[in-house]
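The lines below spell out each chain.
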Amino acid sequence: MPREGFATRRRAALFDALLELILRDGFAHLSIADIAAELRCSKSTLYTLAASKEQLVTATVTHFFRTATEQVEARVAASNSPRERVIAYLVAVGEALSPASEAFMRDLDAFTPTRSLYELNTAAAATRVQKLIADGVAAGDFRNIDAAFAADLAASMMSRIQRREVWAATGLDDAAAYRQLASILTAGIDAGRQ
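Looking at an unreviewed UniProt entry, the protein chain carries the name TetR/AcrR family transcriptional regulator, with the source organism given as Gordonia amicalis.

Next up, the structure:
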């Protein structure tokens, strides 16, 4: 087996283990030594992944969003109708966020680079929802609504979810809030509910 393949698998396994750790416990309070101890590796091994704790966390959160996007898009691709695709997309986003603890979400929001990643992913998700809604309007599955407005409405709620405002107002975690958004949005734009 080539050494490079082992290194790539080992790197991926470390990122996955680190992701599991920070999703569960958050990351602000962790030092490189804490992370190394939790992952049962050396600090020097971690420094092969990134030059600092901040860069390591940012790379791990990037890995989280990239993997989540792939999973979400796979769910959308498996859906048969525009309505199912919108529901699948929003529910899958919620499911992707479901392992995230309150500590992780608090730390994600407090650390500028990871908050920026979440904001970037939220904006991309809003654009994707707009496309899915526009496709549904064009196919006649959704009422003849302004897709940009419906997507902006969804984006506003997605931003409120991301900023923890929905959690503060309702107690719903991000995953539950995305499921509620999918239900309300699709019921409101369904062509059968004019």
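Caption draft 1: Quick peek at the environment of Leu21. Residue position: Leu21 is located in helix H1 (residues 3-25). Between the C-alpha atom of Leu21 and that of Thr58, which follows or precedes it by 37 residues, the distance is 14 Å. With near-sequence residues (within four places) excluded, Leu21 lies in contact with Gly26, Leu30, Ile35 and Glu38.

Caption draft 2: Up close: the layout of surface pockets. Considered as a void within the structure, the largest pocket measures approximately 320 Å³ in volume. Taken together, 19 residues make up the lining of the largest pocket; nearest its centre are Leu153, Met157, Leu181, Ile184 and Leu185. Those elements that place two or more of their residues in the lining of the largest pocket are helix H8 (147-162), helix H9 (165-170) and helix H10 (174-189). Class assignment for the residues of the lining of the largest pocket results in 13 nonpolar, 3 polar and 3 charged.

Caption draft 3: Spatial organisation of the nonpolar core. Core analysis: the biggest nonpolar cluster contains 56 residues, and Leu46, Leu56, Tyr89, Leu90, Phe104 and Ile133 have the highest contact counts within it. With near-sequence residues (within four places) excluded, Phe104 lies in contact with Ile22, Leu23, Gly26, Phe27 and Val61.

Caption draft 4: Summary view of the packing of helix H4 (residues 53-77) against helix H5 (residues 82-97). Running from N to C, H4 and H5 point in directions that differ by 150°, and their axes come no closer than 9 Å. As far as their axial angle goes, H5 and H4 are roughly antiparallel. Where H4 crosses over H5, the two elements pack in a sense that is right-handed. Together, Phe64, Ala68, Val72, Glu73, Arg75 and Val76 of H4 and Arg85, Ala88, Tyr89, Val91, Ala92, Val93, Glu95, Ala96 and Leu97 of H5 make up the contact between the two elements. In terms of residue class, the contact of H4 with H5 is built from 11 nonpolar, no polar and 4 charged.

How each quantity is defined
- Residues numbered from 1 in each chain as written.
- Predicted model: local features only at pLDDT ≥ 70, side-chain atom pairs only at ≥ 80, totals over all residues.
- Heavy atoms only, no water.
- Helix = DSSP H or I, 4+ residues; strand = E, 2+ residues; numbered from the N terminus.
- Contact = heavy atoms within 4.5 Å.
- 1 Å grid on protein atoms, 1.4 Å probe; cavity = no way out; pocket = protein on both sides within 12 Å on 5 of 7 lines; lining within 4 Å.
- Points joined across faces, edges and corners; volume = space filled by probe spheres on them.
- Nonpolar A, V, L, I, M, F, W, Y, C, P; charged D, E, K, R; others polar.
- Core = buried A, V, L, I, M, F, W, Y, C linked by side-chain atoms within 4.5 Å.
- Buried < 20%, exposed > 50% of the residue type's maximum accessible area, 1.4 Å probe, protein only.
- Axes fitted to C-alpha atoms, helices over the stretch in contact; angles between N-to-C directions.
- Parallel < 35°, antiparallel > 145°, perpendicular 65-115°, else oblique.
- Left-handed = near helix turned anticlockwise from the far one by under 90°.

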